[in-house]
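Structure at a glance
Spelled out, the chains give:
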Amino acid sequence: KKAHKNYDIISKFIKLNKIETKNSIPTFYLIHHWSPHWPYVFNTDCSLRFENEADNIVNYDGYQSAYKCALKKINKFLDYINERDANAIVVIQGNHGMIDFKKNDYADLEMTFSIFNAIKINKTCQEKLKLVKGNINSLRLILSCPFGIKNKLIKEKNYVAFYERQKDYGKIIPLEKYKKIKKK
């Protein structure tokens, strides 16, 4: 029996969706693709792992295999979009980097906060995007620049939230405050 057959939303989107190439109506799609999220159900070649192979614990090898597969699926998705609309704006963002759940806190905040952030946008906006560091301002730019709207960059605020298995479950702490607490 294969594990988590519903994790491959990118392939399902390509299979089921027919993007019109002559469509003059702007279209927005939100695709919530879980990989490389735990449980790591994809091998590097994107084949599904069997249930007894799927990781019940978080580990780097499982994450790495799922991550490599996710990159392959993203490239396939971008090829699909480019064939139908070369001017399409595409944003692909992770919700967080790798987290070591075996530990009771965020041992490596840089790794946790270093999300995957890939953006396909026109050349004028690409130049402006080079000035942007975080995902909040990159989304603000993507939603304004192609339409000629000038937005000022804002100060981005990041927060640390805790999972059920962590000692501070339920708390939400500003990142800067959390960094100071961890130094003590």
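Residues numbered from 1 in each chain as written. Predicted model: local features only at pLDDT ≥ 70, side-chain atom pairs only at ≥ 80, totals over all residues. Heavy atoms only, no water.

Moving on: the packing of aromatic side chains. Ring pairs (aromatic) are described by centroid distance and by the angle formed between their planes. Following the criterion strictly, the structure yields five aromatic pairs and no others. For the pair F13 and Y80, a centre-to-centre distance of 6.3 Å together with 85 degrees between the ring planes defines the contact as edge-to-face. In this pair, F13 sits in helix α1 (residues 9–16) while Y80 sits in helix α2 (residues 60–84), placing the two residues 67 residues apart along the sequence. Taking the relative accessible area as the measure of exposure, F13 reaches 12% and is therefore buried. What makes Y80 buried here is its relative accessible area of 7%. (Phe/Tyr/Trp six-rings, centres within 6.5 Å; stacked < 30°, edge-to-face > 60°. Helix = DSSP H or I, 4+ residues; strand = E, 2+ residues; numbered from the N terminus. Buried < 20%, exposed > 50% of the residue type's maximum accessible area, 1.4 Å probe, protein only.)

Glancing now at the nonpolar core. Counting ten residues, the largest nonpolar core consists of I10, F13, I14, I74, F77, Y80, I81, A88, V90 and I92. Elements represented by at least two residues in this core include exactly α1, α2 and β1 (90–93). Tallying contributions element by element places α2 first for this core, with four residues. In this structure, L129, L141, I142 and C145 belong to the second largest nonpolar core, which totals seven residues. (Core = buried A, V, L, I, M, F, W, Y, C linked by side-chain atoms within 4.5 Å.)

Below, the discussion takes up the confidence of the model for the chain. When the pLDDT values of the chain are averaged, the result is 78; 79% of them are 70 or greater. Mean pLDDT across the elements of the chain bottoms out in helix α3 (residues 109–113) (72) and peaks in strand β4 (residues 172–174) (89). (pLDDT = per-residue confidence, 0-100.)

Bringing helix α5 (residues 135–144) into the picture now. Of all the residues in α5, the buried ones are N137, S138, L141, I142 and S144. Residues of α5 that are buried sit in contact with β1, β2 (117–120) and α4 (123–129). (Contact = heavy atoms within 4.5 Å.)

Here the focus is the pattern of salt bridges. Tallying each qualifying case throughout the model produces three salt bridges. Put simply, K130 and E127 hold a salt bridge, and the shortest N to O gap is 3.2 Å. Taking the relative accessible area as the measure of exposure, K130 reaches 59% and is therefore exposed. (Salt bridge = Lys/Arg side-chain N within 4 Å of Asp/Glu carboxyl O.)

Glancing now at the state of the cysteines. On inspection of all chains with the given rule, the structure shows two disulfides. Across the disulfide from C125 sits C145; the S-S distance is 2.1 Å. Since a negative S-S torsion denotes a left-handed disulfide, the C125-C145 link at about -95 degrees is left-handed. Of this pair, C125 sits in helix α4 while C145 sits in the loop between α5 and β3 (159–161), and the two are 20 residues apart along the sequence. The buried category is assigned to C125, whose relative accessible area is 1%. (Disulfide = S-S within 2.5 Å.)

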